[in-house]
Amino acid sequence: MFALVDCNNFYVSCERTFDPKLEGRPVVVLSNNDGCIIARSEEAKAFGIGMGNPFFQVRDIIERHGVRVFSSNYTLYGDMSSRVMSILSEFSPEMEVYSIDEAFLDFSHLENSKMEPVAREIRKKVKQWTGIPVSVGIAGTKTLAKLANRTAKKNPLSGGVFLFDGKEKTKVLLGKTETRDIWGIGGNLSVRLQREGIYTALALVEADDEKIRNILGVCGLRTAMELRGIPCIRLENAALPRKSVCCSRSFGKEVSTLEELSEAISLYTADAAERLRHGKLAAGVVSVFLDTGRFRKKCQYYFNSISKSIAVPSNSTGDLTGHAVSLIRKIYRENLTYKKAGIIFTELSTSESVQFDLFSDTPAKFAKSCVLSEAMDSINSRFGDGSVFYASEGTGKSWAMARERCSPHYTTRWDEIPEAG
């Protein structure tokens, strides 16, 4: 048995945790550069504000109904997610963190009669300790647990918990579920199924296996088996090894000079390199890219990327920044204004297994650079991001993302801890 715990309107709930006046009010959270809607409260949804709507298109609705708007505060959301996941780990011997706001728990150690009470205890404890409301769906497969969680959210009578128990109960709910709402199907594959007369999850369950395979392939057949109650997707309680690390952002204003681009790519490299060290990884290939933006009027479109293999894989911010800046210089073009840049690290290996050059002093340099980078990580962790940084990242950062409506970093910065009034 699996339990899927999903935080309700997670980004909005994080904002509400530290500002109770937002309860019951319409709230939305914007994407990078305050571009699109990426989270909505139930009240905001009721006004017709859709997921992914550009902010400028719904500005009139937002102003008319007094909707509170926040820039994305990923530092806060990531920290709140860690707190939620820490609580969930107490309720199961095995857990898979599926996303920033979702986790699968193994409930097979519980008797059927105890599953729903435990799920309600999870809701109570997470809400009490973090302020985040969650919904819990319980079923014999992960795909059914997803549907159960959806039912728990949308059916007020469920009290935020739904258990798939009994064939008749399951059959009724599958008959009410459209194919586009099935985990792993979505809109595009749903169109294929509808062409063959399959409109609901129940119709998919009852379809011939060969027909399903012809329409959706092996993965689609696996989904159908899961809906029949046959587990095909196991719990991934250990994170899969990363194949790449990327940091890319749109600029808050148009960038045209090489100096500004070098500063931006240096900052992005520092961010990505810190993630490498956190995962005890080293990069063997560095890639950078530039983009002027495809949909801008009266502007020549230009996109280019370039890669470089490193003789000795590294996770040192200083070393990787040197490679990244040199690559940017090679693809930079004058008389263009850029909208976005980014860096990608690939060919990752564990930092403990780095192969050095036998005939150079690389091991000594690698050790020194690792000590320096780890010292910077420690200082920034204690005193806040950006307390110490490389001069190549610049100080003005006029190109930085627009985040005019960002809430304080309540849980990660000493000077922004909320005060009780």
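Refer to the structure above for everything that follows.
Residues numbered from 1 in each chain as written. Predicted model: local features only at pLDDT ≥ 70, side-chain atom pairs only at ≥ 80, totals over all residues. Heavy atoms only, no water.

**A few points about the pattern of salt bridges**
Where charged atoms of side chains with opposite charge meet at close range, the side chains can pair. Going through the model one piece at a time under the given rule, you end up with 17 salt bridges. Between Glu-90 and Lys-125 there is a salt bridge, with its nearest N and O atoms 2.7 Å apart. Within this pair, whereas Glu-90 is found in the loop between α4 (74-88) and β5 (95-99), its partner Lys-125 is found in helix α5 (residues 112-130), the two being separated by 35 residues in sequence. Residue classification places Glu-90 among the partly exposed positions, given a relative accessible area of 48%. Residue Lys-125 is classed as buried on the basis of its relative accessible area of 18%. Note that Arg-413 is salt-bridged to Glu-416, the shortest N-O span being 3.4 Å. Taking the relative accessible area as the measure of exposure, Glu-416 reaches 21% and is therefore partly exposed. Through salt bridges with shared partners, a single network forms among Arg-249, Asp-271 and Arg-275. (Salt bridge = Lys/Arg side-chain N within 4 Å of Asp/Glu carboxyl O. Helix = DSSP H or I, 4+ residues; strand = E, 2+ residues; numbered from the N terminus. Buried < 20%, exposed > 50% of the residue type's maximum accessible area, 1.4 Å probe, protein only.)

**A closer look at the sheet that holds strand β12 (residues 338-350)**
Overall, antiparallel pairing links the 4 strands, which are arranged β9-β12-β10-β11 in an open sheet. Because the sheet does not close on itself, it has two edges, and the strands there are β9 (245-255) and β11 (303-314). Shown here is a sheet whose adjacent strand axes are inclined to one another by a mean of 15°, direction ignored. Where strand β10 (residues 281-291) lies against β11, 8 bridges are found, and the strand directions are antiparallel. Bridge pairing in β11 places Val-285 opposite Ser-309. Docked against the sheet, helix α11 (residues 258-278) engages β9, β10, β11 and β12, running at close to 155° with respect to β9. Packing against the sheet, helix α12 (residues 317-331) makes contact with β10, β11 and β12, and its axis sits at approximately 150° to β11. (Pairing = 2+ DSSP bridges. Axes fitted to C-alpha atoms, helices over the stretch in contact; angles between N-to-C directions. Contact = heavy atoms within 4.5 Å.)

Keep in mind these values describe shape, not function.
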